Amino acid sequence: MTNPVLIPCPSCNGLNRIPAERLADQPKCGRCKSAVLLSKPFELKQGDYASQIKGDLPLLVDVWAQWCGPCKSFAPLFEQAAAQLAGKCRLAKLDSEANQQLSAQLGIRSIPSLILFRNGREVARQSGALPLPQLMAWLRSQGI
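Owing to the predicted nature of the structure, the values given are computational and were not obtained by experimental measurement.

## Quick notes on the environment of Cys89
Argument step 1. Topologically, Cys89 is positioned in the loop between helix H2 (69–85) and strand E5 (90–95).
Argument step 2. Between the alpha carbons of Cys89 and Leu37 there is a distance of 9.0 Å; along the sequence they are 52 residues apart.
Argument step 3. Residues within four places of Cys89 in sequence aside, it is in contact with Pro58, Leu59, Leu60, Leu116 and Ile144.

Here it is, written out as structure tokens:
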């Protein structure tokens, strides 16, 4: 039996302790019974931020806005990446217009922007939309 992995629930922010060998078994949250690991990006909001950056699985955040053309064209690629990375990395979308305070706190200067968090800390940042192979290569270079 391996050490458990701590993962915040994308629905209720509850921290779940899941055995590493059970990550592929579609674990449910102990508090709200929602899926803990999603194969699609979840919506990140100001109130969820502090809870969601915690945990043992990396969190990749796509900062976007509704009016941004490159953001809209990048969205389907980000969804594909979420499906490929399920159980290895969690993916979230942060609407910079709806969460202006958090966007300012994160120092967002251009969108789309990707921010990778590990263990509650930002470890990498990438500005601009990337093709899927380039996104996956960037994540591999970050150890994912």
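Back to the text.
## Some words on the side chain of Ser113
Argument step 1. Its place among the elements puts Ser113 in strand E6 (residues 113–118).
Argument step 2. A residue is classified by how much of its surface remains accessible, and Ser113, at 3% relative accessible area, is buried.
Argument step 3. Among the polar contacts listed, one links the side chain of Ser113 to the backbone oxygen of Ser110, at a separation of 2.5 Å.
Argument step 4. Beyond its immediate chain neighbours, meaning those up to four positions away, Ser113 contacts Val61, Asp62, Val63, Ile108, Gln126 and Ser127.

## Observations concerning the pairing of strand E1 (residues 4–8)
Argument step 1. Bridge analysis of E1 against strand E2 (residues 15–19) gives five bridges, and the strand direction is antiparallel. Directly across from Pro4, in E2, lies its bridge partner Pro19.
Argument step 2. Adjacent in sequence and paired antiparallel, E1 and E2 are bridged by six residues, among which Asn13 carries a positive phi angle near 70°.

## Things to note about the state of the cysteines
Argument step 1. A full pass over the atoms with the stated rule returns zero disulfides.
Argument step 2. Sulfur of Cys9: no disulfide; nearest cysteine sulfur belongs to Cys32 and is 3.6 Å away.

## Some words on the nonpolar core
Argument step 1. Judged by nonpolar contacts, the single largest core of 18 residues is most densely connected at Leu60, Leu135 and Leu139.
Argument step 2. Within the residue set of this core, elements represented by two or more residues are H2, E6 and helix H4 (132–141).
Argument step 3. Those residues in contact with Leu135, other than ones at most four positions away along the chain, are Leu60, Phe74, Ala81, Leu114 and Leu130.
Argument step 4. Listed in part, the 14 residues of the second largest apolar core include Leu44, Val63, Leu94 and Leu102.

## Observations concerning the environment of Lys45
Argument step 1. Secondary-structure assignment places Lys45 in the loop between strand E3 (42–44) and helix H1 (49–52).
Argument step 2. Considering only alpha carbons, one finds Lys45 and Gln105, 60 residues apart in sequence, at a separation of 13 Å.
Argument step 3. For Lys45, the residues in contact, after removing those within four places along its chain, are Asn99 and Leu102.

## A short note on the sheet that holds E6
Backbone-to-backbone hydrogen bonds pair the strands of a sheet. The strands run either parallel or antiparallel.
Argument step 1. Reading across from one edge, E3-E5-E4-E6-E7 is the order of the five strands in this open sheet, with mixed pairing throughout. Either end of the sheet is taken by a strand with one partner, and the two such strands are E3 and strand E7 (121–127). Each neighbouring strand pair of the sheet contributes to a mean axis angle of 30°, computed without reference to strand direction.
Argument step 2. Relative to E5, strand E4 (residues 59–64) runs parallel, the two sharing six bridges. Bridge assignment links Asp62 to a residue of E5, and that residue is Lys93.
Argument step 3. Where H2 meets the sheet, its contacts fall on E4, E5 and E6, and the angle it forms with E5 comes to roughly 155°.

## Examining H2
Argument step 1. For H2, spanning 17 residues, the distance from its first C-alpha to its last is 25 Å, which sits close to the expected 24 Å at 1.5 Å a residue.
Argument step 2. Where H2 bends most, the angle comes to about 35°, and this point is Ala75, followed within four residues by the proline Pro76.
Argument step 3. For H2, every residue scored as buried is listed here: Cys71, Phe74, Phe78, Ala81, Ala82 and Leu85.
Argument step 4. Buried positions along H2 lie against E4, E5, E6 and H4.
Argument step 5. A positive backbone phi angle near 90° is found at Gly87, which sits one or two residues after H2.

Criteria and thresholds
Residues numbered from 1 in each chain as written. Predicted model: local features only at pLDDT ≥ 70, side-chain atom pairs only at ≥ 80, totals over all residues. Heavy atoms only, no water. Helix = DSSP H or I, 4+ residues; strand = E, 2+ residues; numbered from the N terminus. Contact = heavy atoms within 4.5 Å. Buried < 20%, exposed > 50% of the residue type's maximum accessible area, 1.4 Å probe, protein only. Polar contact = N/O pair within 3.5 Å; in protein donor to acceptor, adjacent residues only side chain to side chain. Pairing = 2+ DSSP bridges. Disulfide = S-S within 2.5 Å. Core = buried A, V, L, I, M, F, W, Y, C linked by side-chain atoms within 4.5 Å. Axes fitted to C-alpha atoms, helices over the stretch in contact; angles between N-to-C directions. Expected span 1.5 Å × (residues − 1). Bend = angle between axes of the 7 residues up to and from the residue.

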